Amino acid sequence: MKLWHSFKKELKLASKGMYFYIEVGVAVVMLLVLLLFVPKELDGRHDEYLYLDLPQGAKELYLEKIRSEDLDGQEESVTLKQGGRMISARKFVLEDVRLYVLEDREAVIRYAEEEREVAVVVALDPDDGLAYTYYLQGYESEKLRNLYLIFYNKVVSMEEIEAFFDDVEVRTLEGNPQMLNDRENLLPPFLTFNGSLMGLFILAAYVFLDKQEGVVKAYAVTAASVWQYLMSKVGVILFASVLTSIILVAPVMGTGPNYPLLLVFLAASGFFASALGLVLTSFYRDIEQAFGALYILIMVLILPNIAYFTPSWEPAWLKAIPSHAMLESFKEIILDRGDMGYVLGASAGFLAAGAVLFLFANHRFKKTLTL
Amino acid sequence: MISVRNLYHSYSNDDKYAVKDVSFEVKEGEVFGFLGPSGAGKSTTQNILTGLLQLQKGEVAVAGYNIKKIDNRMFNEIGMSFEESNLYGKMTAKENLDFYRKLFDVETRDSMDLIRIVGLQGKENIRTKEFSKGMKHRLTFARSMINNPRIWFLDEPTTGLDPAIASEIKDIIREENKKGVTVFLTTHNMYIADELCDRVAFIVDGEIRLIDSPKSLKLAYGDKLVDVEYIKDGKVLKETFSTVMEEDKQRLIRVIGSHDIQTMHTKEATLEEIFIKVTGRGLV
């Protein structure tokens, strides 16, 4: 009962303090960013500006070929703004590029010179083949320049390129892989950051605030235990973590994710992060002293986020950082057919590790809480 | 109720002791004053007795509980009023007390009764961060009574209070003591110690220099003289009489019997004077 009363009191205090609203506010901002600024599928296409220095017949044939590669098979007449000039163009959206075909050669070149865009002039070579003149910025890699040279100017024939790719054996390691769209893909890092890492920092702030106000001493001379005091704080952090996570997940994912499992994992990972925060806090008298250690800890825990967005960089040691398992677990939870066994295993691990850390923090705080 | 034997405490875990070889006993129903200047070791001793500091060396028992391994049930028996108010500023006075009531396993006092006792009625629904320093201090004092403690630790209970409120606080202490509550009073204010304490301990540089009742100390260290101002033949005369010498005692009786007495003062020493005499140090 003392734990319940302490938790209710902590919740009441949290609802009257700024930290709770900072957490909720950050979650709302993240949600708005996801919904308003992150498209479901990020558009990776770049723009290219073309001038076709071709006879009318060749020009029509070339345009017909581009039109056939356009995603909807339609061209669009658009008016572009270049400096103070208005320029008419035909727009084609291909799989990996947006092409703007202009009637003004100088305007195309100005795009390269002034707007730092890729400009191309297509003309006929002496053999009546197509010759591509690329106006690049100068910082493009040698490889890219060679690729343009080979591909467009037929140093190697298309047949040779196709033959090379035909010889490459492609083996599928995972059949029918599940993918998250770009918006959903941002949820695991957001949940890890808001649900666990922020809780760690805010828990430390709560404890130090109590120390500063001296209320810890008043609590220490009651018949309640130190662990009840600490657990009531952890309870508030978990409550905020669940609330902010639901704020993020529900509007983005709807009824898709396994919510009971999400709650289990939020509780387990939140408990672990809170206990970690408590252990760290037990070594310091105030937040100024603890700030450096908190900063380093949070930076280390953020490292797996870099690997999350950089598939080519994921060293083995990174998997030892707890937030790596958090990211993976959140990802599995929101996937349609996620690995529930992995999530339950990670939950059990976080719960066990959290319990050990909590016991250690309790032992430390018995000596240091009232100092 | 309190037993302290050879207590030592060092904040730096070496031989620089904040409290050195302190021993004393406090009997049930007694008001025991712990008197000393700032930094003398008063708060360190009190914090060890209340479990706020870990016992390093020595034997301490409070309300029958060994402090070496603190049993939470001990806190049902003790109350602690802190010198620095420590309340939840975002909660009202009543919410503060209501919360602490739930942290004990014994029958607790009604929050509103306590608020009335310390003169804060009408302020119960105001957040304590809006309270003045004195109001906060009174509520902290009221909170220390919430579990009907058998041993009451009071750290500078009247510091910062105006004289009228301080007087009320002293009355409450006396009243609780009459009910049998043992009081451990930590202060550097010799007047409150003189008024309330059955016995006082003088502590300086972490060591107890003396323990006795204020009355005995005054008798032991005061001069046995009486200063008398009286009117004789229209003139105000002032004389000092010994209360020990027979000749002076007879003369004093004659003066009282035959003249109008203007003022008469015994020359007993104040606790502060005795403290300075014993320790060679002031109380501030």
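Residues numbered from 1 in each chain as written. Chains lettered and ligands numbered in written order. Predicted model: local features only at pLDDT ≥ 70, side-chain atom pairs only at ≥ 80, totals over all residues. Heavy atoms only, no water.

The name given to chain B in an unreviewed UniProt entry is ABC transporter ATP-binding protein, and the organism recorded there is Anaerotalea alkaliphila.

Chain A has the name ABC transporter permease in an unreviewed UniProt entry, where Anaerotalea alkaliphila is given as its organism. For chain A, the Subcellular location (unreviewed entry) comment in UniProt is given as "Membrane". (UniProt positions renumbered as here; feature names shortened; annotations may be inferred.)

1. Let's talk about the interface of chain B and chain A
Counting residues at the interface gives 24 residues for chain B and 24 residues for chain A. Across the chain B to chain A interface the summed buried area is about 2300 Å²; carbon plus sulfur atoms make up 64%. When the buried surface of chain B facing chain A is broken down by residue, Y88, K90 and L103 of chain B rank first, second and third, together holding 26% of it. Across the contact surface, chain B and chain A share three salt bridges. (Contact = heavy atoms within 4.5 Å. Buried area = accessible area lost by both parts, 1.4 Å probe. Salt bridge = Lys/Arg side-chain N within 4 Å of Asp/Glu carboxyl O.)

2. Overview of the UniProt feature "domain: ABC transporter" (unreviewed entry) in chain B
In the numbering adopted here, UniProt assigns the feature "domain: ABC transporter" (unreviewed entry) to residues 2-230 of chain B. Structurally, residues 2-230 of chain B comprises 29% helix and 27% strand, and the distance from its first C-alpha atom to its last is 49 Å. (Helix = DSSP H or I, 4+ residues; strand = E, 2+ residues; numbered from the N terminus.)

3. Remarks on the domain arrangement of chain B
Here the domain parsing of chain B yields domain 1 (1-82 + 149-156 + 181-217) and domain 2 (223-267). For domain 1 of chain B versus domain 2 of chain B, the distance between C-alpha centres works out to 42 Å. (Domains from an automatic or database assignment.)

4. A closer look at the domain arrangement of chain A
What the domain assignment reports for chain A is domain 1 (2-39 + 181-368) and domain 2 (46-160). On a C-alpha basis, the centres of domain 1 of chain A and domain 2 of chain A stand 51 Å from each other.

5. Here's the deal with the sheet that holds strand β10 (residues 207-212) of chain B
Residues and elements named next belong to chain B. Read across the sheet, six strands follow the order β6-β7-β8-β3-β9-β10 without closing on themselves; strand pairing throughout is mixed. Here the strands that pair on one side only, and so sit at the sheet edges, are β6 (78-81) and β10. Across this sheet, the average inter-strand angle for adjacent strands is 15 degrees, counted without regard to direction. Lying over the sheet, helix α7 (residues 214-221) contacts β9 (199-204) and β10, oriented at roughly 95 degrees with respect to β10. Contacting β3 (31-35), β9 and β10, helix α9 (residues 271-279) runs over the sheet at an angle of about 45 degrees to β9. (Pairing = 2+ DSSP bridges. Axes fitted to C-alpha atoms, helices over the stretch in contact; angles between N-to-C directions.)

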